[in-house]
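# Structural features, examined
Letter by letter, the chains look like this.
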Amino acid sequence: MNRKSAVWLLVPAFMGVLVFTFFPLIEIAIPTFQNRNGFFLLYAQFLKSSYNWQVIGRTFLIAFVTVMIVLILGLPISLWIGRQKTAVRQVLNLLILFPMLTNAVVRNFAWIIILGHDGIINKFLLALHLIKSPLDILYTDAAIIIGSVYLFLPIMINSLVGSVAELNVEIEEAAAILGSNPWHTLFKVVIPQLAPGILTGCILVFAGSMTAYTTPQILGGNRHLVLSTLIYQQAMTLGNWKNASVIALILIIISAFSMWIMRRVSHHLDRRPSNA
Amino acid sequence: MADLEVQNLAKSYDGKTKVLKDISFSVKNGEFVSILGPSGCGKTTTLRIIAGLIPETSGQVLVDNKDITKVPVYKRNFGMVFQSYALFPHLSVFENVAFGLKTRKIAKSEIKEKVAAMLELTGLSDLADKFPAQLSGGQQQRVSLARALIIDPELLLMDEPLSNLDAKLRLKMREEICRLQKKMKMTVLFVTHDQQECFAISDKVLIMKQGHIDQFDTPQTIFHHPRTEYVARFIGYDNFVPVSPNSCQDNYHVKAGETVLTTTEDCLNAKVLTIRPENIVLDLKEATQNTFDGKIINREYLGQSFKYTVESKLGEFKVEEARQKMRSSGDEVTLTLPAKHLHPLSE
């Protein structure tokens, strides 16, 4: 089979993407613009409300903080796992991915038990007399971030371990001989080389965190809505499908814009032409 | 550039088997010293301990009589060229070369000036903005060399820097390294497994065998007076004649089987005699000593000469003969081993 006719093999997958991704998107988008009083009326209405801006801000902040924490926690762990022998690395990778095998609802209920007023953390702090009354952790933004970090850390580690394993240790040795101390080597030599892996990890975690539903629903409660829970509320509780669609499209735009920014930052770190 | 002294260096990775056993040698300012040996003999380990990349088990490394054994690698002022080049893939050629200056907190304008001069010296000026992945092997090697030299290192360490290049380029880079070494009066420690390469460029050669030094001398001395059978084999002595123990009669005559062989060197403790294939003479008419009959059993054409395998009562001999008159398998010949080329070895 030559190259030209091989292209036809892509048709089923292409059709799949077209039918199941783009058509529904267009289906969602079109009604939001069908207004007698203006093309962008629904969007303008949505963006006029300060409450909605609060939700957008919270969604963005939670995703951003989650990505940062996951990156800071994931990088050292990945550097350690990536430098192990292949067999050890495979076992560790499996252990890292293990939490992902549990059901999301079950996992989040576990966090309710840990974070609640009668939870392990409060009981522990009370027993040590560090606090006088239980802290409000559950049903706050912090609770959503904790749950998201737990959920997405394996994804970040998984996308970094491969890049770490491919690093040539001699490059770090060369840096050391040229007078670079270990911290300087980490920031100027190791992290820039990992930029493509870090970018992939950040995009996956950011997109996941922006659109996560179960975690903010269970750990954030009704007073700490994010865009995804707001969509659910609009569609399922209020039956306002058009508004839900507006929010969905705004969510997509914010996500896409954020990824573009991440890409720029990554290119600043690693300017190799192959990464262009 | 500076003097280097290594004292009683030993290394064990697992606490049991010693990779290095009591290595001691010194390199003087401006000297080019090669460490030669097969893979696994400990030559790279020695280099890496000197660089500070791995800790020693015991022993000292001194630079200009100062003990630097416990100084961390990034505080030693050495340059190193790796077999894999180990260039920073995310930095341009210019930035790769500038790296060592940046860590030393040198002013930007000075960095620019110095890097430009170094790129000029190594013939890389046109490639300053390229990335390592866009360069050929030889160009990468040059960047790696420029990067190591720009910090004006006290010592330049090279770990098989030429082994990833093709034969023609290897020769060219070899000459270039020589030229730079002489020009900048560098102290160089060069690790290789290629005997020709290291004899061509070194002031002194250190031959290692299983974690210890077998011989440390100038290439000429090693070539003409190998100290052990191991060294002799490494540098192309193909013929080894075992001699009867305690058969040395008057320090210059020794028995191999029933044959008495004459040497010009003291053979009192000799266990084996060795001679290079090109030093054996076939059918020498006026021969009076070290001469016996043989029969050719194999022939190889080497271009400049023929290499024969000759069977005799003292075993098989490899003989290289420049004469273009070809001999054939089965020919009867007389072998003569000139006494001045016959070296007694005690190990």
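What you are looking at is a predicted structure, and each value in this text was computed from that prediction instead of being measured.

## Looking at the layout of surface pockets
Residue and element names in this part refer to chain A.
- Looking at the largest pocket, its volume works out to about 560 Å³.
- Lining the largest pocket are 23 residues, with Met 68, Leu 71, Cys 202, Met 262 and Val 265 positioned closest to its centre.
- For the lining of the largest pocket, the elements supplying multiple residues, two or more each, are helix H4 (50–82), helix H10 (182–211) and helix H13 (241–269).
- Class assignment of the residues belonging to the lining of the largest pocket gives a composition of 21 nonpolar, two polar and no charged.

## A closer look at the interface of chain A and chain B
- Listed by partner, the interface residues are 23 residues for chain A and 26 residues for chain B.
- Overall, the association of chain A and chain B removes approximately 2,100 Å² of surface from exposure, summing both partners, and the carbon and sulfur fraction of that is 67%.
- When the area that chain A buries against chain B is broken down by residue, the three leading residues are Ile 177, Leu 178 and Arg 271 of chain A, summing to 35%.
- Connecting chain A to chain B are one salt bridge.
- Where chain A packs against chain B, one counts six residue pairs in polar contact (both at pLDDT 80 or more).
- Of all elements in the fold, only helix H9 (169–177) and H10 of chain A reach the threshold of two or more residues within the side of chain A that touches chain B.

## Description of the side chain of Gln 193 of chain A
- With respect to the helices and strands, Gln 193 of chain A occurs in helix H10.
- Residue classification places Gln 193 of chain A among the buried positions, given a relative accessible area of 10%.
- The residues touching Gln 193 of chain A, leaving out its near neighbours within four places in the chain, are Leu 167, Ile 171 and Arg 272 of chain A together with Pro 89 and His 90 of chain B.

## Structural notes on helix H3 (residues 41–48) of chain A
Residues and elements named next belong to chain A.
- Regarding H3, the residues found buried are Leu 42, Tyr 43 and Phe 46. Taken end-on, H3 shows its buried residues confined to a sector of 100°, consistent with a single buried face.
- Along its buried surface, H3 packs onto helix H2 (11–33), H4, helix H12 (227–237) and H13.

## A few points about the domain arrangement of chain B
Residues and elements named next belong to chain B.
- Domain parsing of chain B yields domain 1 (4–229) and domain 2 (237–345).
- Computed over C-alpha atoms, the centres of domain 1 and domain 2 are 40 Å apart.
- Across the contact, seven residues belong to domain 1 and seven residues belong to domain 2.
- Summed over both partners, the interface of domain 1 with domain 2 buries about 580 Å², with 63% contributed by carbon and sulfur atoms.
- The interface formed by domain 1 and domain 2 contains zero salt bridges.

## A short note on empty space enclosed by the protein
Residue and element names in this part refer to chain A.
- Scanning the model with the defined rule gives three cavities of 30 Å³ or more in all.
- Lining the largest cavity we find Thr 59, Ile 62, Ile 144, Ser 148, Ser 209, Met 210, Ala 212, Pro 216, Val 226 and Ser 228.
- When the residues that make up the lining of the largest cavity are grouped by side-chain class, the tally is six nonpolar, four polar and no charged.

## What to know about unusual backbone geometry
Residues and elements named next belong to chain B.
- A positive phi is found at Asn 8, a non-glycine position, where the angle reads about 50°.
- With a phi angle near 50°, Ala 86 is a residue other than glycine that sits in the positive phi range.
- Relative to the helices and strands, Ala 86 is located in the loop between strand S6 (78–81) and helix H2 (93–103).
- Taking relative accessible area as the criterion, Ala 86 reaches 1% and is therefore assigned buried.

## Brief notes about the environment of Ala 86 of chain B
- Separated by 54 residues in sequence, Ala 86 of chain B and Gln 140 of chain B have C-alpha atoms that sit 9.0 Å apart.
- Not counting residues up to four positions away in its chain, the partners in contact with Ala 86 of chain B are Glu 170, Ile 171 and Ala 174 of chain A together with Arg 147 of chain B.

## What to know about helix H5 (residues 167–184) of chain B
All names here are of chain B.
- With 18 residues, H5 ought to run about 26 Å at 1.5 Å a step, and its terminal C-alpha atoms sit 26 Å apart, in line with that.
- For H5, the complete set of buried residues consists of Met 173, Arg 174, Glu 176, Ile 177, Cys 178, Leu 180 and Gln 181.
- Contact partners of the buried residues in H5: strand S3 (32–36), helix H3 (108–121), helix H4 (137–149), strand S7 (155–159), strand S8 (188–192) and helix H6 (195–201).
- The positive-phi residue at the C-terminal boundary of H5 is Lys 185, with phi of around 50°.

## Some points on the sheet that holds strand S1 (residues 4–12) of chain B
All names here are of chain B.
- Spatially, S2-S1-S4-S5 is the arrangement adopted by the four strands of the open sheet, whose pairing is antiparallel. The two strands at the open ends of the sheet, each matched to only one other strand, are strand S2 (18–27) and strand S5 (66–67).
- Two elements, strand S4 (residues 58–63) and S5, share two bridges in a ladder whose sense is antiparallel. Bridge pairing in S5 links Val 63 to Lys 66.

## Some thoughts on the pattern of salt bridges
Residues and elements named next belong to chain B.
- One pass over the structure, following the stated rule, counts 13 salt bridges over all chains.
- Notably, a salt bridge pairs Lys 70 with Glu 56, separated by 2.7 Å at the nearest N-O pair. Here the residue Lys 70 occupies a position in the loop between S5 and S6, and Glu 56 occupies one in the loop between helix H1 (43–51) and S4, the gap between them amounting to 14 residues.
- With relative accessibility at 14%, the residue Glu 56 sits in the buried group.
- Two residues, Glu 110 and Lys 114, come together in a salt bridge whose shortest N-O distance is 3.8 Å. Taken together, the positions of Glu 110 and Lys 114, both in helix H3 and four residues apart, correspond to about one turn of that helix.

## Considering the sheet that holds S6 of chain B
All names here are of chain B.
- Read from one edge of the open sheet, six strands run S6-S7-S8-S3-S9-S10, paired in mixed fashion. Of all strands in the sheet, those with a lone pairing partner are S6 and strand S10 (212–217), marking the two edges. The mean inter-strand angle of the sheet, taken between neighbouring strand axes irrespective of direction, is 20°.
- Of the strand pairs in this sheet, S7 and S8 are connected by four bridges, and their pairing is parallel. By the bridge assignment for S8, Met 158 is matched with Phe 190.
- The sheet strands contacting H1 are S3, S6, S7, S8 and strand S9 (204–209), and the helix crosses S7 at an angle near 145°.

## Remarks on the nonpolar core
- Core analysis: the largest hydrophobic core is formed by 77 residues, its most contacted members being Leu 4, Phe 25, Ile 50, Leu 156, Leu 157 and Leu 189 of chain B.
- Leave out the neighbours within four places in its chain, and Leu 4 of chain B touches Phe 25, Ser 26, Val 27, Ile 50, Val 61, Leu 62, Val 63, Leu 155 and Leu 189 of chain B.
- In this structure, Ile 62, Leu 71, Leu 151 and Met 262 of chain A belong to the second largest nonpolar core, which totals 49 residues.

## A word on the packing of helix H8 (residues 141–166) of chain A against H10 of chain A
All names here are of chain A.
- It is the contact of H8 with H10, at a shortest axis distance of 9 Å, that shows an interaxial angle of 160°. By the criterion of interaxial angle, the relationship of H8 to H10 is roughly antiparallel. Classified by chirality, the crossing of H10 by H8 is right-handed. In this structure, H8 contributes Ser 148, Phe 152, Ile 155, Met 156, Ser 159, Leu 160, Ser 163 and Val 164 to the contact, and H10 contributes Leu 194, Gly 197, Ile 198, Gly 201, Cys 202, Leu 204, Val 205, Gly 208 and Ser 209.

## Here we look at the pairing of S6 of chain B
All names here are of chain B.
- Side chains of S6 alternate between two faces, with Phe 78 and Met 80 and Gly 79 and Val 81 buried alike.
- Looking at chain direction, S6 and S7 are connected through four bridges and run parallel. In the sheet register, Met 80 faces S7, and the bridge partner there is Leu 157.

What counts, and where the lines are drawn
- Residues numbered from 1 in each chain as written.
- Chains lettered and ligands numbered in written order.
- Predicted model: local features only at pLDDT ≥ 70, side-chain atom pairs only at ≥ 80, totals over all residues.
- Heavy atoms only, no water.
- 1 Å grid on protein atoms, 1.4 Å probe; cavity = no way out; pocket = protein on both sides within 12 Å on 5 of 7 lines; lining within 4 Å.
- Points joined across faces, edges and corners; volume = space filled by probe spheres on them.
- Helix = DSSP H or I, 4+ residues; strand = E, 2+ residues; numbered from the N terminus.
- Nonpolar A, V, L, I, M, F, W, Y, C, P; charged D, E, K, R; others polar.
- Contact = heavy atoms within 4.5 Å.
- Buried area = accessible area lost by both parts, 1.4 Å probe.
- Salt bridge = Lys/Arg side-chain N within 4 Å of Asp/Glu carboxyl O.
- Polar contact = N/O pair within 3.5 Å; in protein donor to acceptor, adjacent residues only side chain to side chain.
- Buried < 20%, exposed > 50% of the residue type's maximum accessible area, 1.4 Å probe, protein only.
- Arc of directions from axis to C-beta.
- Domains from an automatic or database assignment.
- Expected span 1.5 Å × (residues − 1).
- Pairing = 2+ DSSP bridges.
- Axes fitted to C-alpha atoms, helices over the stretch in contact; angles between N-to-C directions.
- Core = buried A, V, L, I, M, F, W, Y, C linked by side-chain atoms within 4.5 Å.
- Parallel < 35°, antiparallel > 145°, perpendicular 65-115°, else oblique.
- Left-handed = near helix turned anticlockwise from the far one by under 90°.

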